[in-house]
Amino acid sequence: LTNNGYYVIRMGVKANKKFPIKNKKIIDYAYDGSRSDFMDVYLGSKCEFCISTGTGFDGIPSIFRKPVLYTNILPFGAVRTSSEKNIFITKHLINKNNNKHLSILDMVQCKIINSQKSSEYRKLNLVIRENTADEINDAVKEMLSRLEGDFSYDKNEKKLHDKFWELFPKNSIYNNLPLHGKILGNIGNNFLKENQHLL
């Protein structure tokens, strides 16, 4: 991002440790002493886009209609679909018994698609694996391409995305409330191509 002229600001009220990077375009706002509630809102309203794991701050740029790249999302059924500006990639679910990556249908059938309890994943003997650096990097590049207006799907990619949304549980309910309205979000293109087991 900095090579493309962007400043990168690491947000946060509390962080475990300082960002170990020496780059004048990377600002460790969580540690540099300038953090305030007002500045959180200001930065969220002015950013080009936000990269998040869906932990709260991303609500601010969303309110101001800024694009958000969501990484490491779990549960799968709770991916953010409310804006066509957004991209998401999810954590990987792997069955310990056979080392098989779960498909969307697998997640629906074992009723884990919307689960927020780690005990339920353990009960099903599932391994939860985070996104790799390459997966996140690919999604960031896709976001930049979309912002610059030169992103498009080829014919085969379009078929994959159409199939994904056909299988996706759009009518998911959690705590008696619908998780999705009109589906507008985007699963990362390279992520879907590299993880066709989801289909």
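Adjacent strands of a sheet form backbone hydrogen bonds with each other and so pair up, either parallel or antiparallel. Taken together, the four strands give an open sheet; going across it, the order is 3-4-5-11, and neighbouring strands pair in parallel fashion. Pairing within the sheet leaves two strands with one partner each, and these edge strands are strand 3 (50–52) and strand 11 (186–187). For strand 3 and strand 4 (residues 68–73), the ladder comprises three bridges, and the chain directions are parallel. Within strand 4, the position partnered with Ser-52 by the bridge is Tyr-70. Here helix 5 (residues 133–147) sits on the sheet and contacts strand 3, strand 4, strand 5 (87–90) and strand 11; the angle it forms with strand 5, its principal contact strand, is near 170°.

Here the idea is plain: a probe the size of a water molecule rolls over the atoms and shows the empty space left. Estimated volume of the largest pocket: approximately 1,400 Å³. Taken together, 41 residues make up the lining of the largest pocket; nearest its centre are Val-8, Ile-9, Arg-10, Met-11 and Ile-51. At the level of secondary structure, the elements contributing two or more residues to the lining of the largest pocket comprise strand 1 (8–9), helix 1 (37–46), strand 3 and helix 5. Looking at the lining of the largest pocket residue by residue, the class counts come to 23 nonpolar, nine polar and nine charged. Size it by volume and the second largest pocket reaches roughly 190 Å³. In terms of lining residues, the second largest pocket is bounded by 14 residues, among which Ile-73, Ala-78, Val-79, Arg-80 and Leu-179 are the most central. For the lining of the second largest pocket, the residue count by class is six nonpolar, seven polar and one charged.

A few words now on the pattern of salt bridges. Considering all chains together, one arrives at eight salt bridges under this definition. Between Arg-146 and Glu-142 there is a salt bridge whose closest N-O contact spans 3.0 Å. With Arg-146 and Glu-142 both in helix 5 and four residues apart, the pair spans about one turn of that helix. Classification of Glu-142 as buried rests on a relative accessible area of 6%. Glu-157 is paired through a salt bridge with Lys-193; the nearest N and O atoms lie 2.7 Å apart.

The final tally for this structure, using the stated rule, is two cavities of 30 Å³ or more. Quantified by volume, the largest cavity comes out at close to 80 Å³. Lining of the largest cavity is provided by 13 residues; of these, Thr-90, Lys-91, His-92, Leu-93 and Leu-198 occupy positions nearest its centre. Here the lining of the largest cavity is built from residues that sort into seven nonpolar, five polar and one charged. Taken as a whole, the second largest cavity encloses approximately 30 Å³ of empty space. Lining the second largest cavity are Ile-89, Glu-135, Asp-138, Ala-139, Glu-142, Gly-188, Asn-189, Asn-190 and Phe-191.

Calculation rules
All residue numbers refer to position in the chain's written sequence, counted from 1. Side-chain atom pairs in this predicted model are given and counted only at pLDDT of 80 or more, local residue features only at pLDDT of at least 70, and totals for whole chains, interfaces and linings cover all residues. Water and hydrogen atoms were dropped before computing side-chain values, which therefore reflect all heavy atoms in the structure. For two strands to be treated as a pair, DSSP must find no fewer than two bridges joining them. Strands here mean DSSP runs of E at least two residues long; helices mean DSSP runs of H or I at least four residues long; both are numbered from the N terminus. When checking whether two residues touch, look at their non-hydrogen atoms; a contact exists if any pair is within 4.5 Å. Here an angle of 0 to 180 degrees is reported between the N-to-C directions of two axes, which are lines fitted to C-alpha atoms, with helices fitted over the stretch in contact. Two kinds of site are reported from a 1 Å grid over the protein atoms alone, namely cavities, where a 1.4 Å probe fits but cannot get out, and pockets, open sets with protein on both sides within 12 Å along at least five of seven lines, and residues are called lining when an atom falls within 4 Å of a point. Grid points are joined across faces, edges and corners, and a volume is the space filled by probe spheres set on the points. All amino acids are sorted into three groups, where Ala, Val, Leu, Ile, Met, Phe, Trp, Tyr, Cys and Pro are nonpolar, Asp, Glu, Lys and Arg are charged, and the leftover types, Gly among them, are polar. For this analysis, a salt bridge means a side-chain nitrogen from Lys or Arg found within 4 Å of a carboxyl oxygen belonging to Asp or Glu. Note on classification: 1.4 Å probe, protein chains only; a residue is buried when its accessible area is under 20% of the maximum for its type, exposed when over 50%, partly exposed between these limits.

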